[in-house]
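Each chain is listed here by its residues.
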Amino acid sequence: MIDKLKGKVKTLAKNPLVINYIWVFLGQNGGAIFSMLSLVLTLRIISTLEYGSLVIIQTYTNLLSNLFCLRTFNGVIKFVTSAEAEGDSLRAKKYINTAFLLDAIMGAVAFVCGFFLLQPITRLFGWEPETVRLTNYYIPLLLFMPVLNGAPVGLLRKLGYFKQVNIIHAVVFGLQTAVLLATWMLGVHSFIVVLLEYAATEMIECIVLVIYCLRVTYKNEQYRGFWKAGFTFEGEFMRHNVYYGLTSTFDEILGNVSTLLINKYVGTLATAYIKVITRICNVFQKVTKPINQVFYPELCEWVTQKQYKKAHRVSMKYLGIVCAAGAALVAVLFGTYDWWIVIFDAAMTTAKLQSLLYMVYTILGISLICMNQLMFAIDLARESLIIVAICDLQFLVVLVPCVQTYGIYGYLLLQIAQLFAVAGFKYFFISRRVHKLERQKA
């Protein structure tokens, strides 16, 4: 029995999926711990109300980035894998080079639009003049943000550099925590100092990722000098990037616009509370987010090898395991809520039910990770975009009356309902497509 268990452990230890998951898990959770400590320190440097203003500034910046950035990492992994399977290394290099170009172009577009749209957006949501002025200090970050979901990350994941990418993430956020700790210990209670420290953190991570990616490709004979290969604007590649970018855009914009509407109709304090709950629930995502990074390259390999049923089966199994484990975790956290929430803000003990609803939403969301990735792996990018666009637009239509009538509860329950609708449609399309592909294979 013991020998059999040792054998299984040794087998798992040699499995690249398991090894990559462990490194991503450690890196992401190291970053999450530092991020949580940063939140605690931030709430001691500035007030909860000021933190609400910081959230609004970050939300506006994320909204612009999400609106224009294509998240080319997905296309890099899928199409480079396909080109390599066909033995076309030149085409693989062109995909990488084009993805870098798209990241740079969309970052510049987001940066320019960030300044032009600031006044109309702030008038629409009734921001205070000081918040508007301080937003200008954060907007330059838009030039760098596409990197976090762009070609460098895609190429590094494709080559299996999960360990290094996540070490970079953890170290940078550890640096952020150290800087915030120094700020607090020096008695500096300046909102603009905190704002610039947060912006610098993300900017540094983006720059380091690009430098490291270029260093890796320089040492890799297969990808060395990819920037000399030229560009490809192949229709299928461009469509995939646009579809994936827009699908993610709708999801991200939904959260960003919701935050802005809550701020407008419920107030800055409620906005801060929602953000604190979100940061706490991000701990759940850190446990499962590595699956998103590690699993997608494998999905692409399985689909290339025509193992469609295996890809579908593993995705559904993941969904069931996350839901079961998540339910137990939510029960424990809800039962001990009054003990740990005071670490962040004692006043949030009154938001216990709101926190429970957001925890449920988070668990449901992360359980669908593999299903969402499978949509793109089996070339259902267009259908995914249509599903998300319809469901998200319907959500936004009824969001304002729900928030006005039921406050935060209306927003949270509507989120859960929207998630169920998206999941149902995606399951239908995936099952139909897998059945069709299996018939064609036979």
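Structural notes, computed from the coordinates. (Residues numbered from 1 in each chain as written. Predicted model: local features only at pLDDT ≥ 70, side-chain atom pairs only at ≥ 80, totals over all residues. Heavy atoms only, no water.)

Further remarks concern the overall build of the chain. Scanning the chain from terminus to terminus reveals 18 helices and 0 strands. For the chain, with 442 residues in total, the buried portion stands at 53%. Here the analysis covers contacts within the chain between residues at least 6 apart in sequence; of these, 86% occur between residues at least 24 apart. On the chain, roughly 20,000 Å² of surface is accessible, and the fraction owed to carbon and sulfur atoms is 66%. (Helix = DSSP H or I, 4+ residues; strand = E, 2+ residues; numbered from the N terminus. Buried < 20%, exposed > 50% of the residue type's maximum accessible area, 1.4 Å probe, protein only. Contact = heavy atoms within 4.5 Å. Areas by Shrake-Rupley, 256 points an atom, 1.4 Å probe, with all protein chains shown as cover.)

An α-helix turns once every 3.6 residues. As a result, residues three or four positions apart point the same way. With 16 residues, helix H15 (residues 352–367) extends 23 Å from end C-alpha to end C-alpha; this agrees with the ideal 22 Å at 1.5 Å per step. Within H15, 12 of the 16 residues are buried, leaving the element largely enclosed by the surrounding structure. (Expected span 1.5 Å × (residues − 1).)

Within the fold, Tyr427 resides in helix H18 (residues 408–441). By relative accessible area, which is 41% here, Tyr427 ends up partly exposed. Sequence spacing of Tyr427 and Met371 is 56 residues, and the spatial spacing of their C-alpha atoms is 7.6 Å. Discounting residues that sit within four places of it in the chain, Tyr427 has contacts with His312, Met316 and Met371.

On to helix H3 (residues 48–68). Helix length check: H3 (21 residues) gives 30 Å between terminal C-alpha atoms against 30 Å at 1.5 Å per residue, within 8%. Across the 21 residues of H3, 16 count as buried, placing the element largely inside the fold.

Glancing now at the environment of Val360. Within the secondary structure layout, Val360 lies in helix H15. Spatially, the C-alpha atoms of Val360 and Leu412 are 9.6 Å apart, while their sequence positions differ by 52 residues.

Now for unusual backbone geometry. Here the phi dihedral of Lys306 falls at roughly 65 degrees; this positive angle occurs in a residue that is not glycine. Checked against the element boundaries, Lys306 lands in the loop between helix H12 (268–304) and helix H13 (308–335). You will see that Asp379, though not glycine, has its phi angle at about 60 degrees, which is positive. Turning to its location among the elements, Asp379 is positioned in the loop between helix H16 (369–377) and helix H17 (381–406).

Let us now look at the pattern of salt bridges. Counted by the stated rule, this structure contains 6 salt bridges. Here Glu130 makes a salt bridge to Arg133, at a shortest N to O gap of 2.6 Å. Here Glu130 and its partner Arg133 are both found in helix H7 (residues 129–138), 3 residues apart, which amounts to about one turn of the helix. The partly exposed category is assigned to Glu130, whose relative accessible area is 41%. (Salt bridge = Lys/Arg side-chain N within 4 Å of Asp/Glu carboxyl O.)

Within the element layout of this structure, Gln373 appears in helix H16. Judged by relative accessible area, which is 4%, Gln373 ranks as buried. At 3.4 Å, the side chain of Gln373 forms a polar contact with the side chain of Asn74. (Polar contact = N/O pair within 3.5 Å; in protein donor to acceptor, adjacent residues only side chain to side chain.)

As a packed pair, H3 and H7 sit with axes 10 Å apart at the nearest point and diverge in direction by 50 degrees. Comparing their axes, H7 and H3 come out oblique. Relative to H7, the crossing made by H3 is right-handed. For the pair H3 and H7, contact is made by Ser53, Ile57, Gln58, Tyr60 and Thr61 and by Thr131, Leu134, Thr135 and Tyr138, respectively. (Axes fitted to C-alpha atoms, helices over the stretch in contact; angles between N-to-C directions. Parallel < 35°, antiparallel > 145°, perpendicular 65-115°, else oblique. Left-handed = near helix turned anticlockwise from the far one by under 90°.)

Once that is clear, we can look at the nonpolar core. One finds Leu299, Ile378 and Ile430 to be the most contacted residues of the largest nonpolar core, which totals 54 residues. Among the elements that take part in this core, H18 stands out by supplying 12 residues, more than any other. Setting aside residues no more than four positions away along its own chain, Ile378 makes contact with Val303, Ile430, Arg433, Val434 and Leu437. Grouped together as the second largest cluster of nonpolar side chains are 35 residues, Phe125, Leu134, Leu195 and Tyr198 included. (Core = buried A, V, L, I, M, F, W, Y, C linked by side-chain atoms within 4.5 Å.)

A few words on the packing of aromatic side chains. Under the defined criterion, the tally for this structure stands at 11 aromatic pairs. With centroids separated by 5.2 Å and ring planes inclined at 75 degrees, the aromatic side chains of Phe226 and Trp227 adopt a geometry described as edge-to-face. Cluster of aromatic residues (ring-pair linked, three or more members): Phe73, Tyr244 and Phe376. For the cation-ring pair, Arg157 lies above Phe73, with the distance from its terminal atom to the ring centre recorded as 4.9 Å. Its end group placed over the ring of Tyr218, Arg224 keeps NZ or CZ at 6.0 Å from the ring centre. (Phe/Tyr/Trp six-rings, centres within 6.5 Å; stacked < 30°, edge-to-face > 60°. Lys NZ or Arg CZ within 6 Å of the ring centre and 35° of its normal.)

Here we take up the packing of helix H8 (residues 151–158) against helix H10 (residues 191–219). Relative to each other, H8 and H10 sit at 45 degrees, their axes nearing to 9 Å. Compared by their axis directions, H8 and H10 come out oblique. The chirality of how H8 crosses H10 is left-handed. Of H10, the residues touching H8 (which contributes Pro152, Val153, Leu155 and Leu156) are Leu209, Val210, Tyr212, Cys213, Val216 and Thr217.

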